[in-house]
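Descriptive analysis of the structure
Spelled out from the first residue to the last, the chains are:
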Amino acid sequence: MRRLAIRPGGIGDSILGFPALEHLANDATLEVWARAEVLPLIHFATTKTIEGTGLGLLGIEKPSPKFTERLAQFDEIYTWYGTARDEFREALSALHPRVNFLSALPTDDATHAADYFAAQVGAPLPAIPQIKIKPASNRLILIHPFSGSAKKNWLLANFQLLQRWLETTGRSVQFVVASHQRIPGAKVVEDLSELAALLAGASLYIGNDTGITHLAAAAGANTLALFGPPNPVVWSPRGERVRILHSENLDDLSVERVLDAALARTGFEQSRA
């Protein structure tokens, strides 16, 4: 049995879909088409970038013979991509007899996204995303202060004050960012596998509702996630070592509250300068 799974979305959405993808790989040879940035994290299947397959042109241009032959190699196709586009559904259905079109967004605000995606393919629940990786032990407190949306971001000034207060406990605190993000002294990490190992080896990771926070949780890091909108019941990272601090308005989340939660998760005595 050969299966193709087409999984769009950024880092966080993709990681929440990992339990569903791994289930599809249990009794079949699985190939996953996804965004390039997440491919290094997929160790349970062969992978290709969605961008490199020509899939985006399906329903717009006539598919090439090479693309048609490629699809014919699979016994089943599961796609979370393009399912809201009628022309895409029609074109893909015409090319393959066994296509499963799956909703890429949960329709139930009381069901966690990982469970929603897992249930679509009959995977066991609860679904806990896990990335098996060797921790790069560093005993740092790591902070990623950004996300893809400003409304999800706790103020950078709050993170910087939190850093100073945590450093009064004698622990080293390091900001981690991508190359397009700028914080003086921050560690820049581009490869997600390298970043997952770094997060897994930290004494604590603190971050917003972002893909990097989902990466930390799935890698087994001691994780403190700061959540405003959207609904954490649906979109929060999962794991035994994850704690969520939720506030409808992140501006109302005080540095003192985050500090207390961080100290509790690392066993420090509280000390504020």
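Note that this is a predicted model, so its numbers are computed, not measured.

With that out of the way, let us pick up the pattern of salt bridges. Proximity of charged atoms lets side chains of opposite charge pair with each other. On inspection of all chains with the given rule, the structure shows eight salt bridges. For arginine 35, the salt bridge is made with glutamate 37, and the minimal N-O distance between the two is 2.7 Å. Given the relative accessible area of 34%, glutamate 37 is considered partly exposed. The salt bridge partner of glutamate 87 is arginine 85, with a shortest N-O separation of 3.4 Å. For arginine 85, a relative accessible area of 23% corresponds to the partly exposed category. Salt bridges here are not isolated pairs; linked through shared partners, they connect Arg3, Asp27, Glu76 and Arg98.

A word on the environment of arginine 98. Within the secondary structure, arginine 98 is located in the loop between α5 (86–95) and β5 (99–101). Accessibility expressed as a relative area gives 44% for arginine 98, which makes it partly exposed. With 24 residues separating them in the primary sequence, arginine 98 and phenylalanine 74 have C-alpha atoms 9.2 Å apart. If near-sequence neighbours (up to four positions away) are discounted, arginine 98 is found in contact with Asp75, Glu76 and Ile77.

Moving on, we come to unusual backbone geometry. That bond from leucine 125 to proline 126 is cis: its omega, 0°, falls within 30 degrees of zero. Relative to the helices and strands, proline 126 is located in the loop between α6 (113–120) and β6 (141–144). Looking along the chain, the bond that leaves proline 229 and enters proline 230 is cis, with omega of 0°. Mapped onto the fold, proline 230 is located in the loop between β10 (223–227) and α10 (232–235). Backbone geometry at arginine 139 places phi at a positive 55°, although glycine is not the residue there. Take arginine 139: it is sitting in the loop between α6 and β6.

Before going further, it helps to examine the nonpolar core. In terms of nonpolar packing, the biggest core is built from 51 residues, with Trp80, Leu199 and Leu215 touching the most fellow members. For this core, the secondary structure elements donating two or more residues are α1 (11–16), α2 (18–25), β2 (29–34), α6, α8 (192–200), α9 (211–218), β10 and α10. Of all the elements, α8 adds the most residues to this core, at six residues. Ignoring any residue separated from it by four or fewer positions in sequence, one finds leucine 215 in contact with Ile15, Leu41, Ile131, Leu192, Leu195, Ala196 and Leu199. Counting residues in hydrophobic clusters, the runner-up holds 26 residues, among them Leu166, Val173, Leu250 and Leu253.

Overall, the prediction assigns the protein a mean pLDDT of 94, with 98% of residues at 70 or greater. Overall, residues 269–273 carries pLDDT values under 50, and its contacts beyond four positions in sequence, including any with other chains, amount to 13 contacts.

What follows concerns the packing of aromatic side chains. Applying the stated criterion across every chain yields a total of five aromatic pairs. Judged by centre distance (5.8 Å) and plane angle (75°), the ring pair of tyrosine 116 and phenylalanine 117 falls under edge-to-face. Taking the relative accessible area as the measure of exposure, tyrosine 116 reaches 15% and is therefore buried. Directly above the ring of phenylalanine 101 sits arginine 89, whose terminal nitrogen or CZ lies 4.4 Å from the centroid.

So, on to the side chain of threonine 53. Structurally, the position occupied by threonine 53 is in helix α3 (residues 50–53). For threonine 53, the side chain forms a polar contact with the main-chain oxygen of isoleucine 50, separated by 2.8 Å. Side-chain polar atoms of threonine 53 contact the backbone nitrogen of leucine 55, separated by 3.2 Å. Apart from residues no more than four positions distant in its own chain, threonine 53 is found in contact with Trp33, Lys48 and Phe67.

Another aspect to go through is the layout of surface pockets. In this structure, the largest pocket occupies an estimated 640 Å³ of space. Along the wall of the largest pocket there are 29 residues; nearest its centre are Ile11, Gly12, Thr210, Gly211 and Ile212. Among the elements of the structure, α1, β7 (173–177), α8 and α9 are those that each provide at least two residues to the lining of the largest pocket. Split by residue class, the lining of the largest pocket holds 10 nonpolar, 12 polar and seven charged. Here the second largest pocket defines a volume of roughly 300 Å³.

Rules of the game
- Residues numbered from 1 in each chain as written.
- Predicted model: local features only at pLDDT ≥ 70, side-chain atom pairs only at ≥ 80, totals over all residues.
- Heavy atoms only, no water.
- Salt bridge = Lys/Arg side-chain N within 4 Å of Asp/Glu carboxyl O.
- Buried < 20%, exposed > 50% of the residue type's maximum accessible area, 1.4 Å probe, protein only.
- Helix = DSSP H or I, 4+ residues; strand = E, 2+ residues; numbered from the N terminus.
- Contact = heavy atoms within 4.5 Å.
- Core = buried A, V, L, I, M, F, W, Y, C linked by side-chain atoms within 4.5 Å.
- pLDDT = per-residue confidence, 0-100.
- Phe/Tyr/Trp six-rings, centres within 6.5 Å; stacked < 30°, edge-to-face > 60°.
- Lys NZ or Arg CZ within 6 Å of the ring centre and 35° of its normal.
- Polar contact = N/O pair within 3.5 Å; in protein donor to acceptor, adjacent residues only side chain to side chain.
- 1 Å grid on protein atoms, 1.4 Å probe; cavity = no way out; pocket = protein on both sides within 12 Å on 5 of 7 lines; lining within 4 Å.
- Points joined across faces, edges and corners; volume = space filled by probe spheres on them.
- Nonpolar A, V, L, I, M, F, W, Y, C, P; charged D, E, K, R; others polar.

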